[in-house]
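Summary of the model geometry
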2 protein chains.
Amino acid sequence: MISVVILGAGNVATHLFHAFYKAENVFVNQWFNRNLKSIDFYKNMVNVTSDLSSLKPADVYIIAVSDDAISKLSSQLPFENQLVVHTSGSVGLYDLDKKNRRGVFYPLQTFSKETSINFKNVPICIETADKKDFKSLKLLAEAIESASFKVNSDQRSSLHLAAVFVNNFTNQLYRIAHEITESTGTEFDILKPLILETANKIQNLSPYSAQTGPAKRNDKKTIKKHLKKLENSPHKAIYEILTASIQKTHGRKKL
Amino acid sequence: MISVVILGAGNVATHLFHAFYKAENVFVNQWFNRNLKSIDFYKNMVNVTSDLSSLKPADVYIIAVSDDAISKLSSQLPFENQLVVHTSGSVGLYDLDKKNRRGVFYPLQTFSKETSINFKNVPICIETADKKDFKSLKLLAEAIESASFKVNSDQRSSLHLAAVFVNNFTNQLYRIAHEITESTGTEFDILKPLILETANKIQNLSPYSAQTGPAKRNDKKTIKKHLKKLENSPHKAIYEILTASIQKTHGRKKL
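Keep in mind it's a predicted model, so treat the numbers as computed, not measured.

**With respect to the domain arrangement of chain A**
All names here are of chain A. Examined at the domain level, chain A breaks down into domain 1 (2–151) and domain 2 (156–249). Of note, the centres of domain 1 and domain 2, computed from C-alpha atoms alone, are 36 Å apart. Each partner contributes residues to the interface: domain 1 has 14 residues there, and domain 2 has 6 residues. Of the roughly 700 Å² buried between domain 1 and domain 2 on both sides combined, carbon and sulfur atoms contribute 58%. At the surface where domain 1 touches domain 2, the tally comes to 1 salt bridge. As a salt-bridge pair, Arg156 and Glu127 come within 2.8 Å of each other at their nearest N and O atoms. At the level of elements, β6 (101–107) and β7 (124–128) are the ones that each hand at least two residues to the side of domain 1 that touches domain 2. Of the residues contributing to the side of domain 1 that touches domain 2, the split by class is 7 nonpolar, 6 polar and 1 charged.

Below, the structure is given as structure tokens:
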């Protein structure tokens, strides 16, 4: 049985709480948040507190607060030599106060209030200063059925950057498609199977092999038609830069 | 029973052949291709020909050749007043020769040789010059269990453009993520669950509501870190333009 204390009440903290609460081999000994109101709803499931000085013992303290608040909160903890981890993709291991044993437990997934998540689909990137702490965090990931990966700070920041491309930027391309279809009164829904298939395809093919379309086959006529359709649109520059990127990847000449 | 003749032997033609061949209510009366070798493999399943003058009768002739070849092939057909459709997203209805009844049967999906496809996940965009032909094409879509949509040429070209954003461009973002992770010796596979969840999320949420991340919340510190990581990279400009696009969508100030 691994005991944890969660600090913070955002999306990651809340999804982690649910996963740990359900897990057989994890006990959430306490949930801390500055503002007790955010976690008051859970007080019958777990001990809640807004008082750092009354933090309970735990095998792992999980700081799941905004990036900017991690370092300060870690230095305010009223104990030392405990395993304290944060859950951020872009904050370094050594931004945690050195009075405790430091680690990172970064769930690489998109979390939102509206959507529940199965932690089987959440890879956990683990980094620790001390080897034996790695084992504890690996067990914690296993307890919620997540795959875990040993990832150092440089690798983690690459993953975080790459995640912005495949998640935030991809979602913005969906948004642009939504605008384009709406402009002619067409249903965005017609694109949804294509969106799913595009994501499914690269589960087994590399993105390089999966590429198709006018940019890859250097179909100038279609590209020209598209650019004409995008005249006066803020999306034209995005079309051009991504077309050029595909052509560079696949050894085509520029537009 | 609807009888069809397929003309062409590319990905769309081949996937359509398989779908029609399996369908109870469709009979593929013939498969034409200029180069018989490409379809010779199928000669025990269907009558194959490379000779336009020996085309057999059919309720629907489906021209699934490259965009540039559609118009010419339609004018070479040795009959008139038959239902002749093409399968292209970007070619107009009236690019087909007017001696026949014209239509479009555009499957909005990504097709590749390596990946089989279930036509349940392929919306068909239908356009016809004549109303009664619309009904025939709708039945043909139903026979392969595809949802069908009435889509005019302007709407279809918007969908085709939008498809480039959600398919080709999204896939290129996956490719960039692949490059970024590889540069630090990290496994691209760690990103795959996130890629799937990003696509799944907008099946029920609008892309607008689904957006998260540093650009949306105007997290300048993280954006700065990412731009620093991308210094001297061709992907920096893509990061900047898509970050600005998200901020414009969500009413944030520019970088």
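**As for unusual backbone geometry**
Residue and element names in this part refer to chain A. Here Glu145, not a glycine, exhibits a phi torsion of approximately 65°, which is positive. Mapped onto the fold, Glu145 is located in the loop between α4 (131–143) and β8 (148–150). Glu145 gets classed as exposed once you look at its relative accessible area, which sits at 51%. The phi dihedral of Asn218 falls on the positive side, at around 55°, and the residue is not glycine. With respect to the helices, strands and loops of the structure, Asn218 is situated in the loop between α7 (207–210) and α8 (220–229).

**A word on helix α2 (residues 67–76) of chain B**
All names here are of chain B. The set of residues buried in α2 consists of Ile70, Leu73 and Ser74. Along the axis of α2, the buried positions cluster into a sector of 100°, meaning they face one direction only. Those residues of α2 that are exposed and angled more than 90 degrees off the buried face are Asp68 and Lys72.

About the cut-offs
- Along each chain, numbering runs from 1 in the same order as the chain's sequence is written.
- All chains are assigned letters beginning with A, and all ligands numbers beginning with 1, in the order in which they are written.
- Local features in a predicted model are, by the rule used here, given only for residues with pLDDT of at least 70; side-chain atom pairs are given and counted only at 80 or more, and totals for whole chains, interfaces and linings are based on all residues.
- To get the side-chain values, all heavy atoms of the structure are used, and hydrogens and water are removed first.
- Delimitation of the domains relies on an automatic or database domain assignment.
- Contact between two residues is taken to exist if any of their heavy atoms lie within 4.5 Å; hydrogens are not considered.
- Each of two parts loses accessible area, computed with a 1.4 Å probe, when they are put together; buried area is these two losses added.
- The salt bridge definition used is simple: a Lys or Arg side-chain nitrogen within 4 Å of an Asp or Glu carboxyl oxygen.
- Only runs of H or I of at least four residues qualify as helices and only runs of E of at least two qualify as strands under DSSP, and these elements are numbered from the N terminus.
- In this classification, the charged set is Asp, Glu, Lys and Arg, the nonpolar set is Ala, Val, Leu, Ile, Met, Phe, Trp, Tyr, Cys and Pro, and all remaining amino acids, among them Gly, are polar.
- Think of it in three bands: residues with accessible area under 20% of the maximum for their type are buried, residues over 50% are exposed, and the middle band is partly exposed, with areas taken using a 1.4 Å probe on protein chains only.
- What the arc describes is the spread of directions from the helix axis to the C-beta atoms.

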